[in-house]
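Breakdown of the fold
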Amino acid sequence: MSAQIISGKEVSAQVRQRLKKQVEQMKLQDPNFRPGLVVLQVGDRDDSNLYISMKLKAAAEIGINATHMRLPKTATEEEVLHSITEVNENSSVHGLIVQLPLDSVHKIDTEKVTNAVAPEKDVDGLTSINAGKLSRGDLGDCFIPCTPNGCMELIRQTGVSVAGKKAVVIGRSKIVGAPMHDLLLWNHATVTTCHSKTADLAGEVGKADILVVGIGKAEMVKGEWIKKGAVVIDCGINHVPDETKPSGKRVVGDVQYASAKEQAGFITPVPGGVGPMTVAMLMANTVLSAKRFLESHQPGKWNISYTKLNLQKPVPSDIAISRSCVPKPVGHIAKEVGLLSDEVELYGKTKAKVQLNIIKRLQGQPDGKYVVVTGITPTPLGEGKSTTTIGLVQTLGAHMKLNVFACVRQPSQGPTFGIKGGAAGGGYSQVIPMEEFNLHLTGDIHAITASNNLVAAAIDARMFHESTQTDKALYNRLVPLSGGQRKFSPVQINRLKKLGIEKTDPSTLTEEEITSFARLDIDPSSVTWQRVLDTNDRFLRKITIGQSPTEKGYTREAQFDITVASEIMAVLALTSSLEDMRERLAKMVVATSRSGQPITTEDLGVCGALTVLMKDAIKPNLMQTLEGTPVFVHAGPFANIAHGNSSILADKIALKLVGPEGFVVTEAGFGADIGMEKFFNIKCRYSGLRPHVVVLVATVRALKMHGGGPTVTAGMPLPKEYIEENLELLERGCSNMRKQIENAKHFGVPVVVAVNAFKTDTAAELELVCSMAKAAGAFDAVRCSHWAEGGAGALALGQAVQRASETPSNFKFLYDLELPIADKIRIIAQKIYGADDIELLPEAQRKVELYTKQGFGNLPICMAKTHLSLSHEADKKGVPTGFIVPIRDIRASVGAGFLFPLVGTMPTIPGLPTRPCFYDIDLDPETEQVNGLF
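Along every chain, residues carry numbers that run from 1 in the direction the sequence is written. Predicted model: local features are reported for residues with pLDDT of at least 70 only, side-chain atom pairs are reported and counted for 80 or more only, and whole-chain, interface and lining totals are derived from all residues. Computation of side-chain values: all heavy atoms of the structure, hydrogens and water removed.

1. Focus: the pattern of salt bridges
Between Lys or Arg on one side and Asp or Glu on the other, a salt bridge is scored when a side-chain nitrogen of the former is within 4 Å of a carboxyl oxygen of the latter. Scanning all chains against the criterion turns up 47 salt bridges. Between Arg-803 and Asp-780 there is a salt bridge, with its nearest N and O atoms 2.7 Å apart. Taken as a pair, Arg-803 in helix H31 (residues 795–805) and Asp-780 in strand S31 (residues 780–784) lie far apart in primary sequence, 23 residues in all. Given the relative accessible area of 12%, Asp-780 is considered buried. For the salt bridge of Asp-889 with Lys-847, the shortest nitrogen-to-oxygen distance reads 3.0 Å. Here the residue Asp-889 occupies a position in strand S34 (residues 889–893), and Lys-847 occupies one in helix H33 (residues 842–854), the gap between them amounting to 42 residues. Both residues of the pair, Asp-889 and Lys-847, belong to the buried class. Through salt bridges with shared partners, one network takes in Glu-843, Arg-846, Lys-847, Asp-889 and Arg-891. Strands are runs of DSSP state E lasting at least two residues, helices are runs of H or I lasting at least four, and both sets are numbered from the N terminus onward. Classification of residues uses two cut-offs on accessible area relative to the type maximum, computed with a 1.4 Å probe and protein chains only: under 20% is buried, over 50% is exposed, and between them is partly exposed.

2. A few points about the sheet that holds strand S11 (residues 266–267)
In short, DSSP must find at least two bridges between two strands for them to pair. Strand order in the open sheet made by the six strands is S1-S11-S8-S7-S5-S6, with parallel pairing throughout. The open sheet has two edge strands with one neighbour each: strand S1 (4–5) and strand S6 (190–194). In this structure, strand S7 (residues 210–213) lies alongside strand S8 (residues 231–234), joined through four bridges in parallel fashion. Looking at S8, one finds that Val-212 is bridged to Ile-233. Those strands touched by helix H6 (residues 146–158) are S7, S8 and S11, and its axis lies near 150° from that of S8. Whether two residues are in contact is decided by their heavy atoms: any pair within 4.5 Å suffices. Lines fitted to C-alpha atoms define the axes here, with helix axes fitted over just the stretch in contact, and angles between the N-to-C directions of these axes take values from 0 to 180 degrees.

3. A short note on the side chain of Arg-16
Along the polypeptide, Arg-16 turns up in helix H1 (residues 8–29). Setting aside its immediate chain neighbours within four residues, Arg-16 contacts Ala-58, Glu-61, Ile-62, Pro-276 and Val-279.

4. Describing the packing of aromatic side chains
Aromatic contacts are taken between Phe, Tyr and Trp rings whose centres are within 6.5 Å, Trp giving its six-membered ring; a plane angle under 30 degrees counts as stacked, one over 60 as edge-to-face, and the others as tilted. Within this structure, the stated rule accounts for 14 aromatic pairs. Pairing Phe-680 with Phe-747 gives two aromatic rings, centres 4.4 Å apart and planes at 35°, and the pair type is tilted. You can see Phe-680 sitting in helix H26 (residues 672–687) and its partner Phe-747 sitting in the loop between helix H28 (727–745) and strand S30 (751–756), a full 67 residues away along the chain. Judged by centre distance (6.4 Å) and plane angle (50°), the rings of Tyr-851 and Phe-856 are tilted. Residues Tyr-851 and Phe-856 agree in their burial class; the two are buried. The structure contains a cluster of three or more aromatic residues connected by ring pairs, namely Tyr-370, Phe-679, Phe-680, Phe-747, Phe-811 and Phe-813. The lysine or arginine in question, Arg-584, covers the ring of Tyr-686, its NZ or CZ lying 4.7 Å from the ring centre. We call a charge positioned above a ring when the Lys NZ or Arg CZ atom is no farther than 6 Å from the ring centre and deviates by at most 35 degrees from the ring normal.

The following block contains the structure:
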């Protein structure tokens, strides 16, 4: 009696139908999900193209999103490995096949290439890891090569139990023979592998209840060798001459089919047996990989691990807490949040820069929820906005299991070595490692220092050279001879266009045009650009430059600012792309000509060089919190003469990474009347982003101060009013919180008040603040203990923020840009500060007229006033009334894109106190640990 034919065509059709139903089931679980497969081909072999087309057709039929990635024959091993890495990191791809052979003109190590495929995407089952797991019997945690897997499926179709049977495998290739042996063995068969050196092959075959042949020799196994009733699986594909066929040849297997059919109980034909199963099992592995991905990844959720805190009481110093926590490798965090390795530049183990091309990759991804943390008018000690920001993201991530990013400013080194100390948060709510965060980080502030001072050098050098040369000599040096001819640089062409000179040949300019082009004619008294240094140094607040004899008596008074006060820092924070930064840097106005024209960095010819110096600084810096949630640290503009917010770019990238159910929490400097107002009116205006929630940080001690409590001085013990219960004082001071809630509501955004609790606060005091905040219109008000407890101490805050984010946000700006400059200032003063009016002093009035004439009147306003009061007078606490805000001067940051009115005087470079922080800072030469930071 002839053997039953095991039809691979029929069985593969059943497998495909089953897989199609499984894919439909996945789509019901997540409508946006589709299994993804990539077939990587090097070269253009006809046989490979045929096999690939079969795979793509099968994938389409099942509902798998399959992509054919072609690399040319000229592709190098490195290029192939790079392409594999890209696919490995693409979460929408669940299977990767490298089509063999690799048809390249270069030598490529096939083993190295196949092993580069991520084991969890190796649906061909060819990597050493999957082969090793199979040989160990870990069948549920690996991918089985497709041909052996297909053979097992065909054996199952016969109904013959494998367990206890004698099985013979002829052939020991990595693709068929070796894995087939392992597969039969772990399905409880007694397995013999035969090969070219096997003695008495016919005798071994005759013992087999199950025979699998993959030797690659046409009809080598004879029918008479086969045990009566055996299951015969023929994996061979060979071509033999046949004149009856149009091609002159026919396909046969490794088994002599006609005679074997008379002996076997079941047999696979060639073609139509194992062949169709290989593609079907490839699809089965892809669907299995997609299933595993869905099981381990909730849709839209990061697969992220969090760091468990070891809380201690009393709470140790910030540096001790930071040191006690071992940070995750930053490359690991990058992978957890969906960044690809090509998008991340590692700066050691704990910090990295993120490339801007991620914005293009994620442009179709919906944004997450956007939260800004601000505060009531603070004491000089600060009320814990940074700590609250970090505590909130730790609770949203580690405790509420939501995707969340913190986006914070990079601190200046001035305060770190001066009086304030570090700015990484505090207690159990910190960015770590704090020494990396507070010191050089990745060098962004140094890049700004270099860029800023290059502009300053260019200004004084240009004034010097213009004053010592004729027009012609100046022109000849600005456009020098090179190879016998003069040529304008691109930045000089831009200057010509600005002057209305449509010429590109330097020899064609008239004398008048030469003068106009070569002479900026800067009025030295109008120079607004200062040199900067990231150090607190009071003796640089006013200096005289040009005192060397080589400067020929061309001296002028100047000053230094601290680096974070540089307009370039504000440009970095407000830019949206490399191209946008180049344009903003070019528009920065540094002085005015004697004829009243604004002089820009582009006029000086330095803007291109600035872009080069800033090309790395524009990339956000990736770090982490104590509990392992991701943080972007990027840009750190002053919160008085600039807008005091971290970068737009960091926020935009983070919002894409967290996805629609995730959160991005950023912090605005100083109180809500300063940082928050600028966040809304300047940052949100340029970014186009719309916030969902305002978190307003309040403390009992600050509210007592606003209620009439004694003066709070940094470095001095708190008076008893602040450490003993005093509900009357506290209730009076809540007026400031009420006004700041009102300020946030001017912008149409719900407010959650976070009462940052200190150990001296009583339950009655905390309850009073919460109840008064709600009565003032806050969405909710909760007490927080994140400094002492980490994310666990901000759980109520996280839940309140999540609820508030689901309510409608009717965001609106406070003023229209088209309004006159004075009107915009007046709106801020009256609505946000509670002033009766403003008074423009003579210099401010002159600037209003100048900037309106120069075309800068439509810029937003960035008020530079004290942060210690709602009014312009630092000692006026609570909610001052009946005051007029004096505007003594107005300056323009045209590149950054705002005008900043000056209210009173304020140093733009701090000084050092009698005992600066640097007394305590040192390095242990043995461990290389930084000591003394706080």
